[in-house]
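Fold and contact review
As a plain string of letters, each chain reads:
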Amino acid sequence: MFSSVLIANRGEIARRVIRTARRMGIKAIAVYSDADQSLPYVHEADEAVYIGESAPAQSYLDSVLLIDVARKAGAAAVHPGYGFLAESAGFAQAVINAGLTWIGPDPSAIEQMGDKIRARNLMAAAGVPVAPGSAAPVADAEAAVEEASRIGYPVMVKAAAGGGGIGMSAAFDDDALRSAFDTARSRAERFFGSPEILLERYVPHARHVEVQILGLPDGRVIALGERDCSVQRRHQKVAEETPSPGLSASLRSRMLSAAVLAGEAVGYRGAGTVECLVDTETGDFMFLEMNTRLQVEHPVTELVTGIDLVEQQFLIAAGEPVTFDASVPVDSSGHALELRVYAEDPKRFLPSPGPITEWSEPSGPGIRVDSGYAAGTTVTLFYDPLLAKLCVHGSTRAEALSLARSAVADFRVAGLKTNLPFHAELLDNPEFVSGDYDTGLVSRMRQL
């Protein structure tokens with residue numbers, strides 16, 4: 001096992017990685033920008049290095065700077081967290097070229113899965129179900145209209161190099177498609193540096209379900225269960241749970257097998273996630289994308305399996321055996337929920353930056369809070385406004401829901417707006433409580 005790791009990230013995920021690193025006796029080296037110097041993770045790391053201005057391009061996205069910091073600090077490995085450079089094949093290769101251990105999959109797997117069109121084609125060739133869609137980038141709006149006539153309306157317009165729901169939109173006719181295409185292309189260029197666009201068949205009543213996979217040092221790929229991520233606003237996740245209340249045992253088994261097949265197709269190593277859409281009307285599922293990193297919502301899988309996924313990432317990267325018996329299906333127990341607590345208006349979901357004057361987290365059996373902030377810190381507009389992840393674990397879904405309601409009521413944040421009132425509303429929403437919901441739930445709640 002390597003002796004030290006540089007965490008090329010910030011906030012709650014940096015704090016999360018630090019916790020496991022220190023438990024394993026690995027020196028945790030953090031990096032921070034001007035905006036983050038007072039955050040908890042900076043003070044909890046064994047060492048923290050200032051890397052520059054608040055703007056990500058001058059700090060967390062500067063790969064040359066990060067590798068130089070890692071070398072000077074004596075780091076033996078680099079953990080990218082999620083976001084920023086976590087899915088940059090170029091950064092992963094640069095880390096390896098610098099003689100450091102990359103905590104993640106091989107750069108080739110990141111590259112293959114980073115282009116959604118290439119990923120779709122590869123998965124289809126491997127026998128993984130994919131939605132009808134583009135086999136090549138769509139050149140312009142008129143070509144998109146022609147492609148849509150082949151696929152069939154409605155269609156989803158997506159950035160081929162994108163993620164996080166940025167720039168995605170559904171179109172139900174030619175005029176709407178032309179407008180959506182131009183908007184998506186502009187955003188794709190601005191956010192991802194590539195204007196390439198793809199179209200996929202849009203499933204109006206779908207669940208968004210993902211499978212956690214681990215690629216082991218011996219080449220095997222295993223699945224650690226699924227997570228339901230259907231509670232979304234503007235195609236971005238707000239709450240997740242496991243197991244998914246919308247899957248039959250047969251469908252779950254088929255999805256887990258397909259996810260393993262997807263990992264094997266790219267020689268996957270480390271922690272990754274295969275995201276799928278489930279058509280609630282037909283019961284069919286289809287590949288959406290593969291995230292070649294640790295997911296924001298990984299805690300719910302940890303809660304039901306008892307497996308520390310960051311620890312497994314470290315062990316796999318070091319070529320060591322994982323901490324559980326990977327030769328048999330992993331047992332899971334109970335039900336877990338994650339509620340993403342954002343600094344945002346709970347009605348319109350617009351960012352609400354500012355100083356935090358009060359911070360009091362709920363605690364007790366079955367409650368876990370992965371937070372990035374504390375009283376006296378400030379949320380800025382430079383980064384995603386995620387404050388914390390409130391997670392609960394109960395023996396049943398009903399018990400988890402009850403525990404979540406109490407935890408939300410006990411979570412105190414003052415000085416800025418948060419979406420905690422939204423979560424309180426969600427947990428009492430009859431559709432959500434029933435478990436029979438889809439990705440349109442939040443839109444129906446807010447008429448977005």
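Up top you'll find the structure we're talking about.
Residues numbered from 1 in each chain as written. Predicted model: local features only at pLDDT ≥ 70, side-chain atom pairs only at ≥ 80, totals over all residues. Heavy atoms only, no water.

Our focus in this paragraph is the overall build of the protein chain. Along its length, the protein chain carries 15 helices and 20 strands. A compact globule built from 448 residues should have a C-alpha radius of gyration of about 22 Å, and the protein chain, at 21 Å, falls within 12% of that. For the protein chain, the exposed area adds up to about 16,900 Å²; of that, 50% sits on carbon and sulfur atoms. Taken together, the 40 basic and 57 acidic charged side chains of the protein chain have centroids lying 2 Å from each other. (Helix = DSSP H or I, 4+ residues; strand = E, 2+ residues; numbered from the N terminus. Rg over C-alpha atoms; globule rule 2.2 N^0.38 Å. Areas by Shrake-Rupley, 256 points an atom, 1.4 Å probe, with all protein chains shown as cover. Lys, Arg positive; Asp, Glu negative; His and termini not counted. Charge placed at Lys NZ, Arg CZ, Asp CG, Glu CD.)

What follows concerns the layout of surface pockets. The probe, sized like a water molecule, is rolled over the atoms to show the empty space still left. Empty space within the second largest pocket amounts to approximately 360 Å³. Among the secondary structure elements, those contributing two or more residues to the lining of the second largest pocket are strand S10 (221–233), helix H9 (249–265) and helix H10 (298–305). Take the lining of the second largest pocket: its biggest share by element is five residues, from S10. (1 Å grid on protein atoms, 1.4 Å probe; cavity = no way out; pocket = protein on both sides within 12 Å on 5 of 7 lines; lining within 4 Å. Points joined across faces, edges and corners; volume = space filled by probe spheres on them.)

Below, the discussion takes up empty space enclosed by the protein. For the structure on display, the rule yields two cavities of 30 Å³ or more. By volume, the largest cavity is sized at about 40 Å³. Residue lining of the largest cavity: Ile 103, Gly 104, Arg 269, Gly 270, Ala 271, Gln 313, Ile 316 and Ala 317, and that is the complete set. Among the secondary structure elements, those contributing two or more residues to the lining of the largest cavity are strand S12 (270–279) and helix H11 (309–317). When its residues are assigned to classes, the lining of the largest cavity shows four nonpolar, three polar and one charged. (Nonpolar A, V, L, I, M, F, W, Y, C, P; charged D, E, K, R; others polar.)

The next thing to look at is the pairing of S10. Among the 13 residues of S10, 13 are classified as buried, and the element is accordingly described as predominantly covered. Both strand S9 (residues 206–215) and S10 contribute to a ladder of six bridges, which runs antiparallel. Bridge pairing links Val 209 to Asp 228 in S10. Joining the antiparallel neighbours S9 and S10 is a turn of five residues, in which Gly 219 adopts a positive phi near 100°. Examined bridge by bridge, S10 and strand S11 (residues 236–242) share four bridges and lie antiparallel to one another. Bridged to Asp 228 within S11 is Glu 241. The antiparallel hairpin formed by S10 and S11 contains two residues in its connecting segment, where Arg 234 sits at a positive phi of about 55°. (Buried < 20%, exposed > 50% of the residue type's maximum accessible area, 1.4 Å probe, protein only. Pairing = 2+ DSSP bridges.)

We now examine the sheet that holds strand S8 (residues 197–201). Strand order in the open sheet formed by three strands is S7-S6-S8, and the pairing between neighbours is antiparallel. Each of the sheet's edge strands pairs with one partner strand only, and the pair in question is strand S7 (169–171) and S8. Strand after strand, the sheet turns through a mean of 35° between neighbouring axes, direction not considered. Bridging between strand S6 (residues 155–159) and S8 involves five bridges; their strand directions are antiparallel. Each residue of the ladder has a partner; that of Val 155, found in S8, is Arg 201. Against the sheet, helix H6 (residues 116–126) contacts S6 and S8, and its axis sits at roughly 45° relative to S8. (Axes fitted to C-alpha atoms, helices over the stretch in contact; angles between N-to-C directions. Contact = heavy atoms within 4.5 Å.)

Overall, antiparallel pairing links the eight strands, which are arranged S13-S12-S9-S10-S11-S14-S19-S17 in an open sheet. The two strands at the open ends of the sheet, each matched to only one other strand, are strand S13 (285–291) and strand S17 (367–371). On average, each strand axis in the sheet is tilted by 25° relative to the strand beside it, whichever way the strands run. Strands S9, S10, S12 and S13 of the sheet are contacted by H9, whose axis makes an angle of about 110° with S10.

Before going further, it helps to examine the pattern of salt bridges. Any two side chains of opposite charge can pair if their charged atoms end up close together. One pass over the structure, following the stated rule, counts 37 salt bridges. The closest approach of N and O atoms between Asp 228 and Arg 207, which form a salt bridge, is 2.8 Å. One end of the pair, Asp 228, is in strand S10; the other, Arg 207, is in strand S9, with 21 residues separating them in the sequence. Lys 237 is the partner of Glu 275 in a salt bridge, and the nearest nitrogen-oxygen pair spans 3.2 Å. Of the two residues, Glu 275 is situated in strand S12 and Lys 237 in strand S11; the sequence distance between them amounts to 38 residues. No difference in accessibility class separates Glu 275 from Lys 237, as the two residues are buried. Linked through salt bridges whose partners overlap, the residues forming this network are Arg 16, Arg 19, Arg 23, Glu 302, Asp 308, Glu 311, Arg 368 and Asp 370. (Salt bridge = Lys/Arg side-chain N within 4 Å of Asp/Glu carboxyl O.)

What follows deals with the packing of helix H3 (residues 63–73) against helix H4 (residues 89–97). Close contact between H3 and H4 brings their axes to 10 Å; oriented N to C, the two are set at 30°. The angle between the axes of H3 and H4 places the two elements in the roughly parallel class. As H3 packs across H4, the resulting crossing turns out to be right-handed. Of the residues in H4, those touching H3 at Ser 63, Leu 66 and Ile 67 are Phe 91, Ala 94 and Val 95. Considering only residue class, the contact of H3 with H4 consists of five nonpolar, one polar and no charged. (Parallel < 35°, antiparallel > 145°, perpendicular 65-115°, else oblique. Left-handed = near helix turned anticlockwise from the far one by under 90°.)

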